[in-house]
Amino acid sequence: MTSAHQHSGSLRELAARFRADTLRIHAQAPETRVASSLSAVEIYTCLFYGGLLRHNPANPRDPARDRLIVSKGHGSISLYPILADRGFFSPEELARVCRPGTFLGGIPDPIIPGYETVNGSLGHGPGVGTGMAIALQRQGSDRRVVVVVGDGELHEGAVWEALLFAAQQKLNNLILIVDDNGRCMMDYTSHVVDLAPLPDKLRAFGWSVEEVNGHDVDALCATLRRSMECSFPGPRAVITHTIKGKGAPALEDDPLCHVRTLTPGEVEELTGGAP
Amino acid sequence: MSTPKRRMRDAFLQVIKDRMGAESDIFFLTGDFGSPVLDGVRRDFADRFLNVGIAEQNLVNVATGLALEGYRVIAYAIAPFITMRCLEQIRINLAILSQVRPMNVTLVGVGAGYSYEVSGPTHQALEDMALMRALPNIGVWSPADAATAAAMANRALDTPGVRYVRLDSHPLPDLGPAPTPQELQCGFRLSGTTGAAAALVSTGYLSHLAAGVRDELEAGGLPVLTVDMMDLAHADMTELTTVLAPCRNILTMEEGFIGCGGMDALLMLHATPRLPKAKWAHAGLQPHYHFEIGPRDALLAAQGISRSALAARMIELINR
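Treat the numbers as computed from the prediction; the structure is a model and nothing was measured.

**Student:** Sorry, what's going on with the overall build of chain B here?
**Tutor:** Summing up its helical and strand segments, chain B has 13 helices and 11 strands in all. Scaling as 2.2 N^0.38, a compact globule of 320 residues should have a C-alpha radius of gyration of about 20 Å, and chain B matches this with 19 Å. Oriented by its inertia axes, the alpha-carbon framework of chain B measures out at about 60 × 40 × 35 Å. Across the 320 residues of chain B, 61% fall into the buried class. In chain B, the share of contacts with a sequence separation of at least 24, taken over all contacts with a separation of at least 6, comes to 80%.

Below is the structure:
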């Protein structure tokens, strides 16, 4: 079991490396949702390298682990290189994403070591995480449940059923991380169904809320830790303000970037061509 | 001699309550739906009982999370809502996820078929058998009486996996003794005349009607085998076709839409090809919603599902 401070290089350097890895995976597997994955690079980096998420690559279902539910599953291709680096599976598998016979698909499933649930069909993570958190709480466990959702995902009604119920149950072991990149598939979320003021809405539902720049790893780590360790007697949310397609200007400026594919040439230019 | 009428839900829940006392890994969730026995569960086992409110999507998702952490979970609500309001949650988090992560979740729906005859189509479960049957890794259990419901409660707790248990809301007499473990394993039980040339294959409430049809036909000199189908997803169809082999005339009866993937589809796929000499007829509800108010037997009779009509249909089948 590790909380993983055992990394070489700073969190910032690690995030840059995983962002480049994500782009390279996308170059070889253009079916992957790269823009949504790039907005969450720092979230996953902080969880696995910031001492925030107890995990055990040798036994991914170790009862002593914290539970991570990646509800915005298709936006987690950036988690693949992190899981490989942590040792959940061989880094050689990263060359086979979306290829026949691999377990690393375009939308991750729980056959991948490190994933808990079926992801990508949106809006399920908060409810399943609520059930896990209730179980852990009643079993006297001090493990946490971390659920990562996208802001577009918050359009799903089932999310709000779970948010209400988690607050009712005072689940102080449940942490919701919102990758608030401002865009769903077809447009800016504010143009489709505006979630603002999201912090107020979550607070009104009984959650503690913190906001942070989701690409500032130091601030992000500190905020996540503060949220996890605070004495608030209920569930806590961290809204991470992020940029969809972060690191790829062609994506950052495109409201339709969710379905945009970068060419191998664009990826090479962004990553400097190094493998 | 008819046994006293009992509600399936009371019998099912009593078993769960009795076992919760000694087995600390049973967790009960309800979608704001109760019963007198459930009042005892929430009083005696408050640490393992939760009402998630009128929120079936969350009911299934919370059940999943509890089950992943090792609880055996009972999730309880009105039949159409616990199957259709949350169909995607069942598909994603129970059907798909249970294929790779072991869990024990039992969805209990009350209000099979026209049970709620005065509530109209919103509260009637006419598509649930077909929809649940369409999902891999989900058992579909359809008891006809309280004795069977109680036996299924024990089986649910003792068997890993996911299943939907479809309970009638009305008190009904027991069709016979509680099914044996072997009968539950096979997924059906027999009564009437083994080896008869005519068979009635039914499930749930209509198994009571089938017994009446059988009695009427046998009073007229026609031996009839009746088959009460208890498992509509994983019944032993090889064993069933062996039992049905002598039958030349088989009438199926279900309180659900006909031709839409319910029990008739199970038999047509697995039994019909193996019994080439048999003639088949299928009784069920035409795929159309009815807003007329009960009584239930009148609603069924309007669609040709009554003792006399089905007896006549069997005679017609034999003479075809």
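Next comes the rest of the write-up.
**Student:** Is there a simple way to explain the domain arrangement of chain B in this structure?
**Tutor:** Accessible area lost on assembly of the parts is the figure often given for the size of an interface. Residue and element names in this part refer to chain B. For chain B, the domain assignment lists domain 1 (8–167) and domain 2 (181–319). Taking only C-alpha atoms into account, the centre of domain 1 sits 26 Å from that of domain 2. Between domain 1 and domain 2, the residue contacts involve 27 residues of the former and 35 residues of the latter. Here domain 1 packs against domain 2, burying approximately 2500 Å² in sum over the two surfaces, 57% of which is carbon and sulfur. It is Tyr 114, Leu 126 and Arg 133 that lose the most area in domain 1 upon contact with domain 2, and together they represent 27% of the buried surface on that side. At the boundary of domain 1 and domain 2, one finds one salt bridge. Of the charged contacts in the structure, one is a salt bridge between Asp 145 and Arg 189, with a shortest N-O distance of 2.9 Å.

**Student:** What should I look at first to understand the pairing of strand β3 (residues 72–78) of chain B in this one?
**Tutor:** Consecutive residues of a regular strand have side chains that alternate between opposite faces of the sheet. Residues and elements named next belong to chain B. Counted residue by residue, β3 has seven buried out of seven residues, so it is predominantly covered. The pairing of strand β1 (residues 26–30) with β3 spans five bridges and is classified as parallel. Across the sheet, the residue bridging to Ile 26 is Arg 72, located in β3.

**Student:** Teacher, can you tell me more about the nonpolar core here?
**Tutor:** General note: in soluble globular proteins, nonpolar side chains tend to be found buried as a group. Residues and elements named next belong to chain B. Of all hydrophobic cores here, the largest spans 85 residues; its most connected members are Leu 29, Met 229 and Leu 244. Mapping this core onto the domain boundaries places at least three of its residues in each of domain 1 (8–167) and domain 2 (181–319). Of all hydrophobic cores here, the second largest spans 59 residues; its members include Met 152, Ala 156, Leu 184 and Ala 283.

**Student:** In this structure, what is going on with the interface of chain B and chain A? I would like to understand it.
**Tutor:** Facing 28 residues of chain B, the contacting portion of chain A comprises 26 residues. At the boundary of chain B with chain A, total buried surface from both sides reaches about 2100 Å², with 59% on carbon and sulfur atoms. Between Arg 101 of chain B and Glu 116 of chain A there is a salt bridge whose closest N-O contact spans 2.8 Å. There are 10 residue pairs in polar contact (both at pLDDT 80 or more) connecting chain B and chain A. Those elements giving two or more residues to the side of chain B that touches chain A turn out to be β2 (49–51), α3 (56–68) and α5 (87–100) of chain B.

**Student:** Please clarify how the sheet that holds strand β5 (residues 236–241) of chain A should be interpreted in this entry.
**Tutor:** Whether parallel or antiparallel, the strands of a sheet pair through hydrogen bonds between backbone atoms. Residues and elements named next belong to chain A. With parallel pairing, the five strands of this open sheet are ordered in space as β1-β2-β3-β5-β4. Sheet topology places β1 (67–70) and β4 (208–213) at the edges, where each strand pairs with a single neighbour. Between one strand and the next, the sheet's axes are offset by a mean angle of 20°, whatever the strand orientation. Two strands pair when backbone bridges link them, and β1 and strand β2 (residues 145–150) are joined in this way by four bridges, in the parallel orientation. Bridge pairing links Arg 67 to Val 145 in β2. Along the sheet, helix α3 (residues 41–49) contacts β1, β2, β3 (174–180) and β5; its crossing angle with β2, the most-contacted strand, is approximately 170°.

**Student:** Even after reading the chapter, I still don't get the sheet that holds strand β8 (residues 198–202) of chain B, so can you show me in this structure?
**Tutor:** Residues and elements named next belong to chain B. Taken in spatial order, the five strands of this open sheet run β7-β9-β8-β10-β11, and their pairing is mixed. Unpaired on one side and paired on the other, β7 (188–192) and β11 (279–285) mark the two borders of the sheet. Sheet twist, expressed as the mean angle between neighbouring strand axes with direction ignored, is 20°. Two strands pair when backbone bridges link them, and β8 and strand β9 (residues 224–229) are joined in this way by five bridges, in the parallel orientation. If you follow Ser 202 over to β9, its bridge partner there is Asp 228.

**Student:** Before we go on, may I ask you to explain the side chain of Lys 72 of chain A in this structure?
**Tutor:** With respect to the helices, strands and loops of the structure, Lys 72 of chain A is situated in the loop between β1 and α4 (79–86). Setting aside residues up to four positions removed in sequence, Lys 72 of chain A forms contacts with Ser 36, Ser 39, Ala 40, Tyr 44, Leu 122, Val 148, Val 149, Gly 150, Glu 153, Asp 179 and Asn 181 of chain A.

**Student:** Could you clarify how one ought to interpret helix α6 (residues 157–168) of chain A in this entry?
**Tutor:** Side chains three or four residues apart in an α-helix point the same way, a direct result of the helix having 3.6 residues per turn. In a regular helix each residue adds 1.5 Å, so 12 residues correspond to 16 Å; α6 of chain A covers 17 Å between its end C-alpha atoms and thus fits that length. Taking burial as the measure, the 12 residues of α6 of chain A include nine buried ones, the bulk of the element. Those residues of α6 of chain A that fall on the buried side of the exposure criterion are Ala 158, Val 159, Trp 160, Glu 161, Ala 162, Leu 163, Phe 165, Ala 166 and Ala 167 of chain A. Here the buried face of α6 of chain A lies against α5 (125–138), β3 and α8 (198–204) of chain A together with β2, α3 and α5 of chain B. Of the residues trailing α6 of chain A, Lys 170 of chain A is marked for its positive phi of about 55°.

Scoring rules and cut-offs
Residues numbered from 1 in each chain as written. Chains lettered and ligands numbered in written order. Predicted model: local features only at pLDDT ≥ 70, side-chain atom pairs only at ≥ 80, totals over all residues. Heavy atoms only, no water. Helix = DSSP H or I, 4+ residues; strand = E, 2+ residues; numbered from the N terminus. Rg over C-alpha atoms; globule rule 2.2 N^0.38 Å. Buried < 20%, exposed > 50% of the residue type's maximum accessible area, 1.4 Å probe, protein only. Contact = heavy atoms within 4.5 Å. Domains from an automatic or database assignment. Buried area = accessible area lost by both parts, 1.4 Å probe. Salt bridge = Lys/Arg side-chain N within 4 Å of Asp/Glu carboxyl O. Pairing = 2+ DSSP bridges. Core = buried A, V, L, I, M, F, W, Y, C linked by side-chain atoms within 4.5 Å. Polar contact = N/O pair within 3.5 Å; in protein donor to acceptor, adjacent residues only side chain to side chain. Axes fitted to C-alpha atoms, helices over the stretch in contact; angles between N-to-C directions. Expected span 1.5 Å × (residues − 1).

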